[in-house]
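The primary structure of each chain is shown beneath.
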Amino acid sequence: MQELNEKIEKFGTVLPGNVLKVDAFLNHQVDPELMLHIGQEFAKRFAGEGITKIWTVESSGIAPAVMTGLAMKVPVIFARKHKSLTLNKDMYVADVYSYTKKTTNRISISKKYVSPDDKILMVDDFLANGQAVEGMLEIADQAGVKVAGAGIVIEKSFQPGGKELRDRGFRVESLARIKSLANNQIEFDKD
Ligand code: 5GP
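Residues numbered from 1 in each chain as written. Predicted model: local features only at pLDDT ≥ 70, side-chain atom pairs only at ≥ 80, totals over all residues. Heavy atoms only, no water.

The next point concerns the sheet that holds strand E10 (residues 187–188). Pairing within the open sheet is mixed, and its eight strands lie in the order E5-E6-E4-E3-E7-E8-E9-E10. The strands lining the two open edges of the sheet, one partner per strand, are strand E5 (91–98) and E10. Two strands pair when backbone bridges link them, and strand E4 (residues 76–82) and strand E6 (residues 103–110) are joined in this way by three bridges, in the antiparallel orientation. In the strand pairing of E6, His 82 is matched with Arg 106. The strands that helix H1 (residues 2–11) touches are strand E8 (146–156), strand E9 (172–180) and E10; relative to E9, the one it contacts most, it runs at about 35°. Helix H3 (residues 62–72) contacts strand E3 (53–57), E4, strand E7 (119–127) and E8 of the sheet and is inclined by roughly 175° relative to E3. (Pairing = 2+ DSSP bridges. Helix = DSSP H or I, 4+ residues; strand = E, 2+ residues; numbered from the N terminus. Contact = heavy atoms within 4.5 Å. Axes fitted to C-alpha atoms, helices over the stretch in contact; angles between N-to-C directions.)

Structure below.
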C-alpha cells in the first residue's frame with residue numbers, strides 16, 4: 001500500500017532489536033485518514049468472506065481494527081492484556097509473549113461477545129514472530145469460531161511469523177512488508 005509505505009519511509013525509525021518505531025502515525029499519534037484507508041483496504045481484500053467480527057489485541061491494534069470494522073460494518077473486539085489473570089469461566093484466555101516488551105501477557109476475550117456462528121478477521125499493527133496472532137487463534141479455537149485470516153498493517157518478513165502461518169494455509173494479508181531493518185535502514189519487500 002503506497003500511502004503506508006510512504007509514511008513508514010518518512011516517519012519510521014529503527015530501534016535496537018529490529019524494532020520499527022511508527023508512533024508518529026500508528027501506535028501513539030494516530031493518522032485517522034491513513035487508518036481509514038487501511039480499514040477500507042482490509043475490507044476490500046476480505047470482502048465476500050462472511051466476516052462477522054474483527055478481533056485485535058489492545059492497544060496498538062485498535063485503530064486499524066476499528067476502521068476495518070467501520071468499513072465492513074461489523075463489531076470490533078480487542079482482547080485485553082493482563083500481566084496476570086486468574087482463569088475465569090466467563091473469559092477465553094491465551095498467553096502471548098511480546099517480542100518488543102520481552103514479557104508474557106495473558107490476553108482475554110469475554111464469552112459474552114463471542115458467538116459460535118462468528119467468522120473472525122484478526123487485525124494487528126505488526127506481525128513479527130506471530131505470537132499475537134497465535135494467541136488470538138488459540139482463543140478462536142477455544143471458542144469454536146471460524147477465522148478468515150489476519151490483516152496486518154506492517155509485516156516484518158525477515159521474522160518467521162508470516163511464513164509459519166501461511167505454510168499452515170492460514171491467510172495473511174499485509175499492507176507493508178519490511179524485508180530488513182539492518183544498519184538502521186528500512187528496506188521494503190516489493191512483492
Ligand atoms: P508478534 O506477536 O508477531 O511477534 O509481534 C506482534 C506484536 O508485537 C504486535 O502486536 C506489536 O505490538 C509488537 N511488535 C512487533 N514488532 C514490532 C515493531 O517492530 N515495532 C512495533 N512498534 N511493535 C512491534
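Resuming the write-up.
For the rest of this paragraph, the subject is the UniProt feature "binding site: 5-phospho-alpha-D-ribose 1-diphosphate" (unreviewed entry) in the chain. If you check UniProt for "binding site: 5-phospho-alpha-D-ribose 1-diphosphate" (unreviewed entry), the listed places come out as Ala 128, Asn 129, Gly 130, Gln 131 and Ala 132 in our numbering. Turning to its location among the elements, Asn 129 is positioned in the loop between E7 and helix H4 (131–143). With near-sequence residues (within four places) excluded, Asn 129 lies in contact with Tyr 99, Gln 159, Pro 160, Gly 161 and Glu 164. Topologically, Gln 131 is positioned in helix H4. (UniProt positions renumbered as here; feature names shortened; annotations may be inferred.)

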